[in-house]
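# Structural description and commentary
Each chain, letter by letter, is given below.
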Amino acid sequence: MTEATARSRSAIAAHPVTSAAITILVVADIFLALYVPLYSRLTPKWGDFPFFYWYLLIVMPVTSLLLWLAALLQKRLAGPGTAVPGVTGPGSTGPGSTGPVGTGPASEAGSEGVQ
Amino acid sequence: MSNVNAITFTIVLILFVVVTGVGFAAARWRRTENMLHLDEWGLGGRGFGTFITWFLLGGDLYTAYTFIAVPALVFGSGSIGFYAVAYTILVYPIIFIFLPRLWSVSRVHGYVTPADFIRGRYGSRGLALAAAFTGILALMPYIALQLVGIQAVLTVMGVGASSTNTFVKDLPLFVAFLVLAIFTYVSGLRAPAMIAFIKDTLIYLFVIVAVFYIPTRLGGWDHIFGVAQAHFAAISPATKKPLGTFVPVAKSIGSTRLDFASLALGSAVALFLYPHAITGTLAAKRRSAVQRNMIYLPLYSVLLALIALFGYMAVADPVTAANVKKSGNAQLAVPYLFQHMFPSWFTGIAFAGIIIGALVPAAIMSIAAANLFTKNIFVEFFKQDASPALETRMSRWVSLVVKLGALLFAVELPHTFSINLQLLGGVWILQLAPMLIGGLFTRWFHRWALLTGWLAGMVFGTLAAYNVSSATASHWAGSSDIEFGHTVYIGLSAVILNLVITVVLTLVLRAARVPQGPDETLPHEYTADPDQKPAPAPAAVGAPLEN
């Protein structure tokens, strides 16, 4: 437990900017939908749609985009042969390969090159 | 009411027969040697990739609640109904934080239900029982709601509605549900996974057509929004307050921005605590399939937002508004709108879409509830040496019993009551957040503190919801309550109470050095992606534990 935690902390320490960026992307996405005063108004209109209604429709593809970026960054955060971590918190970035055989999916080969 | 449109009826019937055939054929899909295993019947062999998982989760999460209840709320109260839109946006960044971890640890240990994880993580059968009980409890009214959705469509179609005899009146509903029960029994999770393809095709088709076609009949979006805005600003003679809001407001006139945000947040956190959502997730083959779905699933949210707008279309169409008013049931808004706007044959396609759209989640929910009962109550407390074949047979039968229970809910209780019980389901399931989401990140919480916090949240939430009254109902009238002068979702206030108690008691119990219980999981298992390795047999989890 302690060893794994220490190693994962070092993984975050090794990529502080990436970790922070993932956190910001996820938090920003939550804020965009949760902070209602941001969009509970009628103007500016887009076509016939009051602001409240088109804003919510626009935030959906934005969510996809932000989470796609966050997932890309997570692949960078995970070292070679490591599974993609779930989140940036302590203990989340696993300590290296986990399964006994071939854990690194082929799709991660590219992300190793990024590092 | 009694004249059934022959064309509409025929099309609904044909599509229903097709779906039934697919449901039975699904038993042969991706068939393996040993079908009598809970991983096969209950999780479709844990072999679904990104594409099928997308359809399965979409079919699982967007239910009759989406097609019938959300537009009904928009029709009745205006912008507050759009909390459901904000909620389906919020849910994805929130599950991005914890869902891949749940998938990984469940895959490594062969967990089938969320309660399996609770048991393994905290070494506590009592806590796992609490989780299983909450899951089954919260699912029952949710399944019943699917039936209410089917009933709404059948009522507008005029099927059986002319009879005063309860049995004859609900006969079509019984038939639909019997068919659902049998193909779920035979095919397990494979059936809803396969039918989800048909469901989504029909839904996307009728929603897109409706969004482009209906406004042309109603004088354009500008007119629809204009009528809605004027309608909700009008003062209700009964309450002396506006009928609703067109955008969430700061001051309280029945609903506020805080109410809107708390309903959205509470629902978003609750969604992936529901056992059926977790079942859909655990059926995925790879961790990346779960992650990719968080990126692709918001496409369904667009659909939900458009469906919510049907509520305004129903307000703007005088004929539909009059029909709904006459029936006194806002849930008929969307079926009446389609019936008035579309030619009979297309109404048939749309109605079939809604009926099938209710059957798919009902199937997955009954499978999830059956798995919970079998794994965490029957095997855990009554038959620890049960073979996988016995587990599967047990789950099959329980899935029938669960559906029968839900059928009684739907037929016996008034519909408004059932809707509010679904909201109560959210209040209940949220009480699992500290042990389930918390447990995915930390072992700091003490198991007894979690159990006490859960109990406090359940009792407070149930009582608070019971005491909500309105002009038409003395109890269970809503899901929001006034806390410290602000209207908020009861589920959220109850889970905050739950969390505070859990934290305080954990500090006390840790200081008193009360045993923490064994933890069978390891930190790296939460990020594991055992792609090549077959999932271990669930029997491996069943070792006896001291509590």
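Note that the structure is predicted; figures quoted are calculated from it, not measured. (Residues numbered from 1 in each chain as written. Chains lettered and ligands numbered in written order. Predicted model: local features only at pLDDT ≥ 70, side-chain atom pairs only at ≥ 80, totals over all residues. Heavy atoms only, no water.)

### Digging into the confidence of the model for chain B
Residue and element names in this part refer to chain B.
- Here chain B averages 82 in pLDDT, and 86% of its residues register 70 or above.
- Scored below 50 in pLDDT, residues 532–547 shows 38 contacts in the model against residues more than four places distant or in partner chains.
- At the level of chain-chain contacts, confidence expressed as ipTM amounts to 0.81, with global pTM at 0.82. (pLDDT = per-residue confidence, 0-100. Contact = heavy atoms within 4.5 Å.)

### Section: unusual backbone geometry
- T43(A) connects to P44(A) through a cis peptide bond whose omega is 0 degrees.
- Relative to the helices and strands, P44(A) is located in the loop between α2 (16–34) and α3 (51–77).
- The residue R513(B) is not glycine, and still its phi comes out positive at about 55 degrees.
- With respect to the helices, strands and loops of the structure, R513(B) is situated in the segment after α23 (490–511).
- Residue class for R513(B) comes out exposed when judged on its relative accessible area of 73%. (Helix = DSSP H or I, 4+ residues; strand = E, 2+ residues; numbered from the N terminus. Buried < 20%, exposed > 50% of the residue type's maximum accessible area, 1.4 Å probe, protein only.)

### Some details on helix α4 (residues 64–77) of chain B
Residue and element names in this part refer to chain B.
- Counted at 1.5 Å a residue, the expected span for α4 with its 14 residues is 20 Å, and the 19 Å between its end C-alpha atoms agrees.
- Within the sequence span of α4, burial applies to A64, Y65, T66, F67, I68, A69, V70, P71, A72, V74 and F75.
- The distance from a side-chain oxygen at the start of α4 to the backbone nitrogen of Y65 is 3.0 Å, and the residue carrying that oxygen is T63.
- Of the residues one or two after α4, G78 is the one with positive phi, at around 80 degrees. (Expected span 1.5 Å × (residues − 1). Polar contact = N/O pair within 3.5 Å; in protein donor to acceptor, adjacent residues only side chain to side chain.)

### Remarks on the pattern of salt bridges
Residues and elements named next belong to chain B.
- Taken as a whole, this structure holds six salt bridges over all chains when the rule is applied.
- Here R121 and D519 are joined by a salt bridge, their closest N and O atoms 2.8 Å apart. Of this pair, R121 sits in helix α6 (residues 114–122) while D519 sits in the segment after α23, and the two are 398 residues apart along the sequence.
- By relative accessible area, R121 is classed as buried at 6%.
- Through salt bridges with shared partners, one network takes in R119, R125 and E380. (Salt bridge = Lys/Arg side-chain N within 4 Å of Asp/Glu carboxyl O.)

### Some remarks on the nonpolar core
All names here are of chain B.
- By size, the foremost hydrophobic cluster in this structure holds 215 residues, and its most contacted members are F82, F272, F310, Y312 and F338.
- Tallying contributions element by element places helix α18 (residues 344–381) first for this core, with 21 residues.
- With residues near it in sequence (within four places) discarded, F310 still touches F206, V207, A210, V211, V334, L337 and F338. (Core = buried A, V, L, I, M, F, W, Y, C linked by side-chain atoms within 4.5 Å.)

### Quick word on the packing of aromatic side chains
- By the definition in use, this model includes 41 aromatic pairs over all chains.
- Seen in terms of ring centroids, F31(A) and Y35(A) are 5.2 Å apart; in terms of plane orientation they differ by 10 degrees. Their pairing is stacked.
- Since its relative accessible area comes to 43%, F31(A) is described here as partly exposed.
- Residue classification places Y35(A) among the partly exposed positions, given a relative accessible area of 42%.
- Plain terms: the ring middles of F342(B) and F346(B) are 4.8 Å apart, the flat faces sit at 75 degrees to each other, and that makes the pair edge-to-face. You'll find F342(B) and F346(B) in the same group, each marked buried. (Phe/Tyr/Trp six-rings, centres within 6.5 Å; stacked < 30°, edge-to-face > 60°.)

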